[in-house]
Amino acid sequence: MKLPPFFEYRAVPGQNQSQQELHIEEVTALRLAESFSTPLYVYSRAALIDNFHAYAEAAQLRGGPNAALICYAVKANSNLAILNQFARLGAGFDIVSGGELQRVLAAGGQASKTIFSGVGKSREEMRFALEQNILCFNVESISELHRLNEVAGAMGKRAAVSLRVNPDVDPKTHPYISTGLKENKFGVAFEDALQAYREAVRLPHLRVTGIDCHIGSQLLDDSPLLEALDKLISLIDTLSREGITLEHLDLGGGIGIAYGDEESGVTPVAVGSYLARVFARIGAWRAAQYGGTPIKLLFEPGRSLVGNAGALLTRVEYLKPGASKNFAIVDAAMNDLMRPAMYEAWHGIAPAVLSEVVPKHWDIVGPVCESGDWLARDRSLAVSEGDVLALLSAGAYGMTMSSNYNTRPRAAEVMVDGDAMHLIRSRETVEHLLSGEQLLPD
Ligand SMILES: *Cc1c(COP(=O)(O)O)cnc(C)c1O
C-alpha cells in the first residue's frame, strides 16, 4: 500500500534493523500510541504546510500575488492548532456556523478573510458574523437574502454577499457528498440565479460582491469543476451586462485525495494542474470579455489540505477468527471515525510495526453496538492482539464528525513536528460528557 507523504516505514536507529516501524515524520506510531494512548488522531505539521503551499504557490504562479484567497473549509478539521497553522500561512476560512467563526477567531484567523457558507444561518449567527466584519456571506436562498438584509439593516450595516449558485453538474462522487445537482438542498438553481441577483442588488442593506459554488467533495477528476466554472463565467457576463459587477468568483472545495484504494482506479487531480486550468480559463475570459477587470478567485479546500496529513491510531483489543469472517476488534469505533459507516469509505490500514505473522483477511471493527460499526473490511493483514494500527488519510472529516455514541469520550489529537509531539486536544473524559446533564427533581 502506498503511504501518504511524511508517513514511512523504516527501522528505528539503535534497534533491531530488520524491524520496520511506521513513522509520522520522525516519530513512530508506536511511540505516539504509548505516550498518548489510543484511539488517537495524529497529524503531520509538514504535510499540512506542504498541502497549503500547493494551493498558494499554484495561485501565485498562475495568477500573481493576491489573485486568489485560499479559504480553508473549517469543517474538515477544526482543531485550533490546525486553524492557527493555516492562519499563519495566510489562509482565509470557509465556515458553516457561528461556532466555527468563534474557532477561527480563537485560533488567530482573520474575520476579514472569512466567508460564511451553509443553508441554515440563524439570525444570531448573522449578527455575530456582521459584528466581526467577515469578508462575505455565501447566501444559499432568496429567503436568506431577505433575512440577511433585515438583520444587517437593524445593525446599520451592509452585508457583503455572494450567491451560491447550483450549476447542476454531476461531480461523479458519492451521493452523500455530491452537492451541485438540481436535487440537492444547496444553493440557488442556475436558472433562478439571475433573478436572485436582481433581487439582491435591490435590497438596501446588502452589497453584492461575489458568486460561488461547491459541487461536491472527493472529486477525482477536475472536469466537473471546470464545467461549473464555465457556467459561473457565463452568468457573470450576463450580470455585467445588467450593470452588476462582481469582485470575486469562488469555486468551492472538493478536490479529492488518494485514500490508497486501488479499486477506485482513478488518480486524484493534482492541485497545481487544477489551478493552472482554472487560471488559464479565467485569463482567456478576462482578456476577451470582461474588459480586463480583475476578479479575485476564492477556493474553499478542506479535505485536500488535511485528509492525508492525519491518521487515527488504534489498538487491537481482541482477535475473533470465525468460520466465514475474521474480526479484529479495535479500540476505535464509528464514533471516532464515521466515514466508513456513513459513506462506506475506504481507509488504508498500516500496522505500527510490520510483522512476520502470516497475513489473514480481517474485518476491522469497533466496540460500538451497531453492525454498521466497522472501519475496514476484508483486509489482508498480519495482526496480533495488542498491535497498534494506523487508519490512514483520516485527517479530514475524522475528528470533526466524531461523537460520544455509547458514552465514548472522544480521542485526543497530537501534532507531530519533526521529532516533536504536541498534544493539541486532550482526551475527553466521561466527567466532561456528564457535566451538562441534570437529574429530575423529586
Ligand atoms: C464541505 C465544504 C467545503 C470543503 O469541501 P472539501 O471536499 O473538503 O474540499 C467547501 N465549501 C463548502 C461550502 C463546503 O460545504
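The structure presented is a predicted model; accordingly, all values stated were derived computationally and were not measured.

1. A short note on helix α4 (residues 98-106)
Taken residue by residue, α4 has G98, E100, L101 and V104 as its buried positions. Projected onto a plane normal to the axis of α4, the buried residues spread over an arc of 155 degrees and lie on a single side. Exposed side of α4, more than 90 degrees from the buried face: Q102 and A106 are the residues found there. Contacts made by the buried residues of α4 are with α3 (80-88), β6 (92-95), β7 (114-116) and α5 (123-131). A side-chain oxygen of the first residue of α4 lies 3.3 Å from the backbone nitrogen of G99; this N-cap is S97. Phi turns positive, to about 85 degrees, at G108, one or two residues after α4.

2. A word on the packing of α5 against helix α6 (residues 142-154)
In contact at an axis separation of 10 Å, α5 and α6 are set at 55 degrees when each is read in the N-to-C sense. Between α5 and α6, the angle falls in the class oblique. Between α5 and α6 lies a crossing of right-handed hand. Here α5 contributes R123, M126, R127 and L130 to the contact with α6, which in turn contributes E144, R147, L148, E150, V151 and A152.

3. Section: the pattern of salt bridges
Per the counting criterion, the structure on display carries 14 salt bridges. In this structure, E428 engages R410 in a salt bridge whose closest nitrogen and oxygen atoms are separated by 3.0 Å. Within this pair, whereas E428 is found in the loop between β21 (420-425) and α12 (430-434), its partner R410 is found in the loop between β19 (388-391) and β20 (412-417), the two being separated by 18 residues in sequence. Owing to a relative accessible area of 13%, E428 belongs among the buried residues under this scheme. A network of salt bridges, in which partner residues are shared, links E8, R10 and E26.

What counts, and at which threshold
- Residues numbered from 1 in each chain as written.
- Predicted model: local features only at pLDDT ≥ 70, side-chain atom pairs only at ≥ 80, totals over all residues.
- Heavy atoms only, no water.
- Buried < 20%, exposed > 50% of the residue type's maximum accessible area, 1.4 Å probe, protein only.
- Helix = DSSP H or I, 4+ residues; strand = E, 2+ residues; numbered from the N terminus.
- Arc of directions from axis to C-beta.
- Contact = heavy atoms within 4.5 Å.
- Polar contact = N/O pair within 3.5 Å; in protein donor to acceptor, adjacent residues only side chain to side chain.
- Axes fitted to C-alpha atoms, helices over the stretch in contact; angles between N-to-C directions.
- Parallel < 35°, antiparallel > 145°, perpendicular 65-115°, else oblique.
- Left-handed = near helix turned anticlockwise from the far one by under 90°.
- Salt bridge = Lys/Arg side-chain N within 4 Å of Asp/Glu carboxyl O.

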